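So the chains spell out like this:
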There are 2 protein chains.
Amino acid sequence: MIKKWYGDTFKLGVLGGGQLGRMMIQSAMNFDVHVYAMDRSKSAPCGTLAYDFTEGNIQSYDDVIAFGKDKDVLTVEIEHINVEALEQLEKEGVKVFPQPRVLKLIQDKGLQKEFYKKNNIPTAPFHLIDQKENLSNYENELPFIQKMRKGGYDGKGVTSLNTTADFTSKAFDTPSLIEEKVDFEKELSVLVARNEHGEVQTFPVVECEFSEKLNLVEFLFSPANIDPSIEEKATVLAVDVIEKLDMVGLLAVELFLTKDGELLVNEVAPRTHNSGHHTIECNYTSQFEQHLRAILGLPLGDTSIITPGVMINLLGDEKFEGPAVYQGMEDVISRKGVYVHLYGKPTTKPNRKMGHITITNDEIDQAKSVAREVQNSIKVVSN
Amino acid sequence: MIKKWYGDTFKLGVLGGGQLGRMMIQSAMNFDVHVYAMDRSKSAPCGTLAYDFTEGNIQSYDDVIAFGKDKDVLTVEIEHINVEALEQLEKEGVKVFPQPRVLKLIQDKGLQKEFYKKNNIPTAPFHLIDQKENLSNYENELPFIQKMRKGGYDGKGVTSLNTTADFTSKAFDTPSLIEEKVDFEKELSVLVARNEHGEVQTFPVVECEFSEKLNLVEFLFSPANIDPSIEEKATVLAVDVIEKLDMVGLLAVELFLTKDGELLVNEVAPRTHNSGHHTIECNYTSQFEQHLRAILGLPLGDTSIITPGVMINLLGDEKFEGPAVYQGMEDVISRKGVYVHLYGKPTTKPNRKMGHITITNDEIDQAKSVAREVQNSIKVVSN
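What counts and how
- Residues numbered from 1 in each chain as written.
- Chains lettered and ligands numbered in written order.
- Predicted model: local features only at pLDDT ≥ 70, side-chain atom pairs only at ≥ 80, totals over all residues.
- Heavy atoms only, no water.
- Axes fitted to C-alpha atoms, helices over the stretch in contact; angles between N-to-C directions.
- Helix = DSSP H or I, 4+ residues; strand = E, 2+ residues; numbered from the N terminus.
- Left-handed = near helix turned anticlockwise from the far one by under 90°.
- Contact = heavy atoms within 4.5 Å.
- Nonpolar A, V, L, I, M, F, W, Y, C, P; charged D, E, K, R; others polar.
- Domains from an automatic or database assignment.
- Buried area = accessible area lost by both parts, 1.4 Å probe.
- Salt bridge = Lys/Arg side-chain N within 4 Å of Asp/Glu carboxyl O.
- Polar contact = N/O pair within 3.5 Å; in protein donor to acceptor, adjacent residues only side chain to side chain.
- Least-squares fit on C-alpha atoms with pLDDT ≥ 70 in both.
- UniProt positions renumbered as here; feature names shortened; annotations may be inferred.
- Buried < 20%, exposed > 50% of the residue type's maximum accessible area, 1.4 Å probe, protein only.

Caption draft 1: Quick peek at the packing of helix α2 (residues 61-68) of chain A against helix α3 (residues 83-91) of chain A. Residue and element names in this part refer to chain A. Their axes nearest at 8 Å, the elements α2 and α3 cross at an angle of 35°. At the point where α2 passes α3, the crossing takes the right-handed sense. Facing Y61, V64, I65 and G68 of α2, the residues of α3 in contact are E84, A85, L86, Q88 and L89. Broken down by class, the residue content of the contact of α2 with α3 amounts to 6 nonpolar, 2 polar and 1 charged.

Written out as structure tokens, the structure reads:
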């Protein structure tokens with residue numbers, strides 16, 4: 001009898017019901033993989049689309065145990081999960097990918113940095129501190145970045161400390177790491193997947209486009225505009241990280257390319273990632289399918305590029321909160337090679353990730369210019 | 001206030017819960033269109049994936065009324081629907097696309113043929129008969145095809161009559177049409193979409209590959225291997241049909257290219273179609289998204305080809321019936337540019353459509369050869 005990883009007799013559980021889970025479900029449909037999801041409210045992006053949806057708290061030991069115990073494989077779409085419950089489930093024979101020990105390491109940015117150091121993975125110099133008052137020990141290393149060891153997310157829990165005055169006004173009083181500010185040339189990202197059989201596959205390197213004028217990351221694009229030797233080095237580095245983590249699943253490795261041409265690991269995410277959304281249209285295999293393949297023990301898919309592309313996040317406008325209205329959508333979807341992905345969140349909030357848009361074009365510069373036009377024509381508001 | 005066609009405040013109803021509805025839901029997720037579906041059993045391909053699923057009979061007047069009355073737009077994924085109910089709902093202000101009068105016409109192959117004749121749309125010569133005994137009036141036109149006017153589906157309700165002996169042994173005793181056997185060179189298909197604003201868009205012509213050795217349609221491929229003048233003529237013909245039908249939605253126009261280089265309309269389907277599955281990977285806009293755009297009054301998407309491709313149906317093996325097992329799947333999904341779409345049907349039956357596979361390749365001949373290998377390595381069986 002063939003072992004089935006699809007249909008009625010196989011249950012894949014996903015902790016978290018957000019957009020990453022939603023796009024995973026969209027992909028899982030092709031393989032008839034039944035995805036069960038858990039998150040606080042059924043109004044989450046996966047709510048009505050999961051094979052079955054459980055309302056529960058992914059940070060609660062009891063909720064995670066109750067949800068996970070009858071699943072064949074458990075995965076996550078966010079790393080802030082009750083790891084103790086996952087460890088228990090793993091002991092009871094549930095396959096948990098990424099493995100709980102990897103999640104534990106990555107949940108704590110201090111442990112993560114120590115892991116890099118111990119394993120000769122290049123990363124910015126750092127110190128760990130227990131509380132705010134320890135900052136004064138490192139006055140002579142100013143300016144630097146302070147990151148909370150736990151609980152940071154989407155830019156939260158990170159602050160830039162430039163003077164000792166900032167120690168009082170801006171610093172976090174919690175176990176943290178302080179890190180040298182990297183004078184980087186570019187921010188890059190490499191997605192890498194690994195299955196139980198040890199097969200490893202990377203996606204081509206993605207680059208962040210930073211707008212000096214707007215002082216923010218404008219979009220991500222693929223392929224990155226880097227020297228082939230850097231591409232090669234980044235790829236080798238990503239493979240090195242996932243192998244040293246001995247992890248199964250998809251891992252996003254965020255890198256700094258320094259002005260000296262060095263690559264430093266900034267941080268990693270053991271799941272599908274914002275920097276891989278373009279793979280839905282731009283690569284033979286999407287990050288969502290690749291993650292599924294990895295955790296189900298299937299052969300990994302080909303990751304080569306079908307077309308260059310640019311991805312922009314569709315964020316809630318700063319001035320609106322309430323039921324979401326996508327102003328300018330019809331104009332945007334009239335354009336060739338422009339793919340809108342809404343996440344199905346009923347309400348918009350300032351800067352909330354409401355969706356993303358991928359722009360494909362044989363010429364990456366053309367894609368960038370369309371991306372800027374699209375960015376200007378669409379707006380997430382509320383009535 | 002912007003009229004919303006997404007989110008909580010808009011309900012799209014789909015009559016039928018099969019694979020066409022399933023792939024429509026997969027596409028609708030991108031635009032956050034909430035798809036409600038109705039079919040007999042929740043084990044249908046749309047069962048757990050629809051925003052909400054109603055168990056009901058699409059041929060029952062009462063069930064269709066009950067399901068449709070609170071929807072903003074109603075559509076179908078199969079044409080064998082209770083049209084009287086749709087007409088009533090339309091009167092009550094529900095938008096029904098394709099329109100009930102179009103469904104009525106297409107449900108009856110006799111009316112369909114008369115429509116072509118009346119509107120100067122080229123089609124094979126035919127006669128309508130009420131019962132079996134009328135066949136003898138057309139003895140001197142043998143051989144010909146007999147098609148039941150109503151209820152035929154997937155090759156059922158069609159028979160080939162070659163001698164008067166066949167009148168007794170093979171003919172249907174029901175209102176039918178008899179049609180001259182067309183000595184065709186190729187079978188082609190054109191998908192065409194039209195929205196409420198009268199915008200019309202065709203997809204590039206698709207060709208059926210018939211295997212003389214196997215005596216069956218082996219696969220469909222795009223672009224068709226035809227002269228540009230035939231491509232142009234087929235496209236104009238498809239536009240002509242949808243405009244004369246004054247239809248909103250997606251229409252599949254199946255054509256014969258005769259040995260004399262003439263195009264004849266074989267039949268049409270007012271919905272997404274088997275001959276358009278490759279558009280998911282091969283075209284800028286898929287047939288499923290195009291149908292949604294058409295019925296929601298959105299601008300139609302660009303239909304140009306991203307890559308040539310071949311589509312094969314994944315049929316239940318003739319010797320098995322029971323819980324589906326996809327033998328050889330892992331081998332198939334190891335190949336670059338091979339996309340498996342399973343329909344999530346729990347049980348396989350001989351020749352049941354269980355899924356499809358699209359093979360993309362810059363070289364169509366290469367795609368065809370991979371398609372043949374794939375066809376030989378995958379098998380839908382049961383334990």
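On we go.
Caption draft 2: Representation of the domain arrangement of chain A within the structure. Residue and element names in this part refer to chain A. Domains assigned within chain A are domain 1 (12-96), domain 2 (125-180) and domain 3 (184-382). Computed over C-alpha atoms, the centres of domain 1 and domain 3 are 23 Å apart. Across the contact, 19 residues belong to domain 1 and 24 residues belong to domain 3. Where domain 1 abuts domain 3, roughly 1,800 Å² becomes buried across the two surfaces, and 66% of that area is made up of carbon and sulfur atoms. Linking domain 1 to domain 3 there are 2 salt bridges. The partner of R271 in a salt bridge is E79, with the nearest N and O atoms 2.5 Å apart. Linking domain 1 with domain 3 are 5 residue pairs in polar contact (both at pLDDT 80 or more), by the criterion used here. Within the residue set of the side of domain 1 that touches domain 3, elements represented by two or more residues are α1 (19-28) and β4 (73-76). Ranked by residues supplied to the side of domain 1 that touches domain 3, first place goes to α1 with 7 residues.

Caption draft 3: Representation of the relation of the copies chain B and chain A in the model. Placing chain B over chain A gives an RMSD of 0.1 Å and needs a rotation angle of 180°, together with 0.0 Å of translation along the axis. Here the transformation between the copies is reduced to the relation of a two-fold axis. Across chain B, the rotation axis passes nearest the C-alpha of L49 of chain B, at a separation of 2.4 Å. Counting the interface residues of chain B, we find that 100% of their copies in chain A are interface residues as well, pointing to one common contact surface.

Caption draft 4: Quick peek at the UniProt feature "binding site: ATP" (unreviewed entry) in chain A. Residue and element names in this part refer to chain A. The feature "binding site: ATP" (unreviewed entry), as given by UniProt, occupies K109, K147, E179, E180, K181, V182, E187, N266 and E267 in the numbering adopted here. When you line up the elements, E179 lands in strand β9 (residues 176-180). Beyond its immediate stretch of four places on either side in the chain, E179 contacts K113, A124, P125, F126, F144, I145, K147 and N266. Along the chain, V182 falls in the loop between β9 and β10 (184-194). Owing to a relative accessible area of 18%, V182 belongs among the buried residues under this scheme.

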